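Fold and contact review
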Amino acid sequence: MTLSHVHHIGMVVRDADKAAELWRDTFGLTKAVDRVVEDQGVRGIVFPMDNSEIELLQPIREGTGIARFLETNGEGFHHLCLGTNDVANELRTAEANGMTMIDTEPREGLAGMIGFIHPRSNHGVLIELAQPPDDAPDHHGPADGPYPHALHHMTIAVHDIAPVVDEWTERFGFSVDRHIESEALGLEAQFLKLGATDVELVRPLEGSGGPLPRKLETSGEGMFMLALTVRDAAATVDHLRDLGWTVTDASAGGFISPKHTHGARLRLSEA
């Protein structure tokens, strides 16, 4: 496969303008794309970072996949997009490997030519494959200030880590990175690397509590939390708390309540 990096994280929101205020005014990002894709019934806004992008998706009419997702799941994470230089070949390979496909041929999307793999094939994660246009500009996050400038990692909640590692290293070309097991945090975590970005697979240890086991019990496996890279976590926590935000466990970088972020659970991490 020719997958190279985590191209973006897609999030579904009810009001793209309101959600964009968060990423622009609070997090200091610059909007690069604001476009309606009529055939998909969606308006998309894209905020680039140093190594990835945030993509906000608002349904513009009822009856579309995005509208049904919002109605069923509410606001929050929608998909994980992996970048490639040959999306048509990637879709053929995914289908040949027995994955359940939403698209078998590339179509135009916000990220270029795209195609989706059904979440039932990848532990509850809707995966988009995207081939950006040749003239796509280089994007960068904020150069300074108490703002996130890059994607640190995407956390995926799973029941069992080992089979996901086997599948995703073979299917998508992830390499195995660091492993953590923490009684204090009540979880086991395995990091997988693709280019300059990571995906973290996590499972709760037996008897642990908190949002991770609740997520697995209520909605099953899937996207759980996004970690954003900041230069000075303490300064970013102070910035957000000055705005009245709930940020917990600042000693570990800081965890931001989803009530501030349109359903997306966020974490702050220093590089």
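Residues numbered from 1 in each chain as written. Predicted model: local features only at pLDDT ≥ 70, side-chain atom pairs only at ≥ 80, totals over all residues. Heavy atoms only, no water.

A separate point is the overall build of the protein chain. Scanning the protein chain from N- to C-terminus turns up six helices and 16 strands. Since a compact globule built from 271 residues should have a radius of gyration of about 18 Å, the 18 Å found for the protein chain is in line with a globular shape. Buried positions account for 53% of the 271 residues belonging to the protein chain. Within the protein chain, contacts between residues at least 6 apart in sequence are counted, and of these 60% link residues at least 24 apart. Where the 22 positive side-chain charges of the protein chain centre and where its 42 negative ones centre are 5 Å apart. (Helix = DSSP H or I, 4+ residues; strand = E, 2+ residues; numbered from the N terminus. Rg over C-alpha atoms; globule rule 2.2 N^0.38 Å. Buried < 20%, exposed > 50% of the residue type's maximum accessible area, 1.4 Å probe, protein only. Contact = heavy atoms within 4.5 Å. Lys, Arg positive; Asp, Glu negative; His and termini not counted. Charge placed at Lys NZ, Arg CZ, Asp CG, Glu CD.)

Further remarks concern the pattern of salt bridges. Counted under the stated rule, the structure contains eleven salt bridges. Across the salt bridge formed by Lys31 and Asp34, the nearest N and O atoms sit 3.2 Å from each other. Of the residues examined, Asp34 reaches a relative accessible area of 35% and is grouped as partly exposed. Residues Glu188 and Arg203 are paired through a salt bridge, measuring 2.6 Å at the closest nitrogen-oxygen approach. Placement of the pair is Glu188 in strand β11 (residues 187-194) and Arg203 in strand β12 (residues 197-204), with a sequence separation of 15 residues. (Salt bridge = Lys/Arg side-chain N within 4 Å of Asp/Glu carboxyl O.)

Let us now look at the sheet that holds β11. Pairing is mixed across the open sheet formed by eight strands, whose spatial order is β10-β11-β12-β9-β13-β16-β15-β14. The two strands at the open ends of the sheet, each matched to only one other strand, are β10 (175-182) and β14 (247-248). As defined by bridge partners, β11 adjoins β12 across eight bridges and the pair is classed as antiparallel. Bridging across to β12, Ala189 finds its partner in Val202. Across the sheet, helix α4 (residues 161-172) touches β9 (150-157), β10, β11 and β12, and the angle it forms with β11 is around 5°. (Pairing = 2+ DSSP bridges. Axes fitted to C-alpha atoms, helices over the stretch in contact; angles between N-to-C directions.)

Per the counting criterion, the structure on display carries four aromatic pairs. Aromatic pair Trp168 and Phe174: ring centres 5.9 Å apart, planes at 25°, arrangement stacked. Per residue, the accessibility class of Trp168 equals that of Phe174, and both read buried. Every member of this aromatic cluster is reached through a ring pair, and the members are Trp23, Phe27 and Trp245. If you follow Arg178 out to its NZ or CZ, it ends over the ring of Phe191, 3.7 Å from the centre. (Phe/Tyr/Trp six-rings, centres within 6.5 Å; stacked < 30°, edge-to-face > 60°. Lys NZ or Arg CZ within 6 Å of the ring centre and 35° of its normal.)

Worth remembering: the numbers are spatial, not functional.
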